[in-house]
Amino acid sequence: MKKILNVESPREHYVAKATILWCFDARFANALEKYKAMTPQYIFDVIKVAGGVKSIATPESKIDSDREFVVEQITASIKLHKSEAIVIMAHDECGAYGGKRDALDFYLEELEKGEKFLGERFPEKKVVKLFVAFDGIYQIEE
Ligand SMILES: [Zn+2]
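Residues numbered from 1 in each chain as written. Predicted model: local features only at pLDDT ≥ 70, side-chain atom pairs only at ≥ 80, totals over all residues. Heavy atoms only, no water.

End to end, helix H3 (residues 65–81) covers 24 Å across 17 residues, agreeing with the expected 24 Å (1.5 Å per residue, within 8%). Considered for burial, the residues of H3 that qualify are Arg67, Val70, Val71, Ile74, Ser77, Ile78 and His81. Axial view of H3: buried residues confined to an arc of 135°, hence all on one face. Opposite its buried face, H3 presents the exposed residues Glu72, Lys79 and Leu80, each directed more than 90 degrees away. Close packing links the buried residues of H3 with strand E1 (16–22), strand E2 (43–48), helix H2 (54–57), strand E3 (85–91) and helix H4 (104–121). Remark: Lys82 follows H3 within two positions and exhibits a positive phi of approximately 50°. (Helix = DSSP H or I, 4+ residues; strand = E, 2+ residues; numbered from the N terminus. Expected span 1.5 Å × (residues − 1). Buried < 20%, exposed > 50% of the residue type's maximum accessible area, 1.4 Å probe, protein only. Arc of directions from axis to C-beta. Contact = heavy atoms within 4.5 Å.)

Okay, structure coming up:
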């Protein structure tokens, strides 16, 4: 093998402020970086899957394997990095939902479903719900 890049990675272990469940749609990669940059003193664990909250709210798989995979990932983040909260996101025109647009109520309902599911599986964790539009990130108030 040959080294293709010089890059330093920290060896120190860390505590994660939250575990973020985000869609892998690269159009919203910058929004994720900006969200994390709002609190630069904290470190986050990020799980990127198609649809973000969809994997737990309305999983494709009938046998719940999508859900269980994501639950395992969140569990690992909590165990390894003592993550304090879970941030779930849905975004406008998400391809995992067939690109639904002008469907804010639909996406808010998905976030509600995701929060309910996580509340059952991780009752001790705070859940933060985000809707990401093309012009910004909106936090859903309780
Ligand atoms: Zn998406």
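Having seen it, we continue.
Before going further, it helps to examine the coordination of the zinc ion. Of the protein atoms, only Cys23 (SG), His91 (NE2) and Cys94 (SG) coordinate the zinc ion, at distances of 2.0 to 2.3 Å. In the primary structure, the donors to the zinc ion are separated according to the pattern C-x67-H-x2-C. With Cys23 in the loop between E1 and helix H1 (29–37) and His91 in strand E3, the pair connects residues that are 68 residues apart, well separated along the chain. Comparing Cys23 with His91, the two get one shared label, buried. (Donors = N, O, S within 2.8 Å, 3.2 Å for Na, K, Ca; no water.)

Any space left empty among the atoms is revealed by the rolling of a water-sized probe across them. For the largest pocket, the calculated volume is near 260 Å³. Every residue lining the largest pocket is counted, 16 residues in all, and those nearest its centre are Tyr35, Thr39, Phe44, Val87 and Val128. Mapped onto the lining of the largest pocket, the elements with two or more residues apiece are E1, E3, strand E4 (126–133) and strand E5 (136–139). Within the lining of the largest pocket, the residues separate by chemical class into eleven nonpolar, two polar and three charged. (1 Å grid on protein atoms, 1.4 Å probe; cavity = no way out; pocket = protein on both sides within 12 Å on 5 of 7 lines; lining within 4 Å. Points joined across faces, edges and corners; volume = space filled by probe spheres on them. Nonpolar A, V, L, I, M, F, W, Y, C, P; charged D, E, K, R; others polar.)

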